[in-house]
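# Structural description and commentary
The lines below spell out each chain.
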Amino acid sequence: MNSFKANWHFMRIFRLALALFSIWQALDTDRWFFWLFAAFFLIQAVFNLGCTPNGCNLPNQKRQS
């Protein structure tokens, strides 16, 4: 739950807004492909996936041998 609440940046909020807009469009127009857009953007927003600020970065931890 902490990873969901933390690290909200502009692109993550934008993806959530696109998902909500797509859900609204799917309900309003009765088109199935808007559900695909909604699911895609909602998964990216909730799990913070994608190559935006710190989305694709790997941690800089060196292993001690």
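Everything that follows concerns the structure shown earlier in this document.
Now for a quick tour of the structure. (Residues numbered from 1 in each chain as written. Predicted model: local features only at pLDDT ≥ 70, side-chain atom pairs only at ≥ 80, totals over all residues. Heavy atoms only, no water.)

### Here we look at the overall build of the protein chain
- A tally of helices and strands in the protein chain yields three helices and zero strands.
- In sequence order, the secondary structure elements of the protein chain are arranged as α-α-α.
- Residue burial in the protein chain is summarised as follows: out of 65 residues, 22% are buried.
- Expressed as a percentage of contacts within the protein chain between residues at least 6 apart in sequence, the contacts between residues at least 24 apart total 49%.
- Approximately 5600 Å² of the protein chain is accessible, and the part contributed by carbon and sulfur atoms is 64%. (Helix = DSSP H or I, 4+ residues; strand = E, 2+ residues; numbered from the N terminus. Buried < 20%, exposed > 50% of the residue type's maximum accessible area, 1.4 Å probe, protein only. Contact = heavy atoms within 4.5 Å. Areas by Shrake-Rupley, 256 points an atom, 1.4 Å probe, with all protein chains shown as cover.)

### Some thoughts on the packing of aromatic side chains
- Within this structure, the stated rule accounts for six aromatic pairs.
- Between the aromatic rings of F21 and W24, the centroid separation amounts to 5.9 Å while the plane-to-plane angle is 40 degrees, which identifies the pairing as tilted. Of this pair, F21 and W24 are both found in helix α2 (residues 10-29), three residues apart, which corresponds to roughly one turn of the helix.
- By relative accessible area, which is 46% here, F21 ends up partly exposed.
- With relative accessibility at 48%, the residue W24 sits in the partly exposed group.
- Among the aromatic side chains, those forming a connected cluster through ring pairs are W32, F33, F34 and F37.
- Cation over ring: R12 sits above W8, and NZ or CZ is 4.0 Å from the ring centre. (Phe/Tyr/Trp six-rings, centres within 6.5 Å; stacked < 30°, edge-to-face > 60°. Lys NZ or Arg CZ within 6 Å of the ring centre and 35° of its normal.)

### Points about unusual backbone geometry
- In this structure, D30 is a non-glycine residue whose phi angle is positive, near 60 degrees.
- Looking at where D30 falls in the secondary structure, it is placed in the loop between α2 and α3 (33-47).
- Using a relative accessible area of 68% as the deciding quantity, one classes D30 as exposed.
- The residue N48 is not glycine, and still its phi comes out positive at about 55 degrees.
- Note on placement: N48 falls in the segment after α3.
- By relative accessible area, N48 is classed as buried at 16%.

Purely spatial values, then, with no claim about function.
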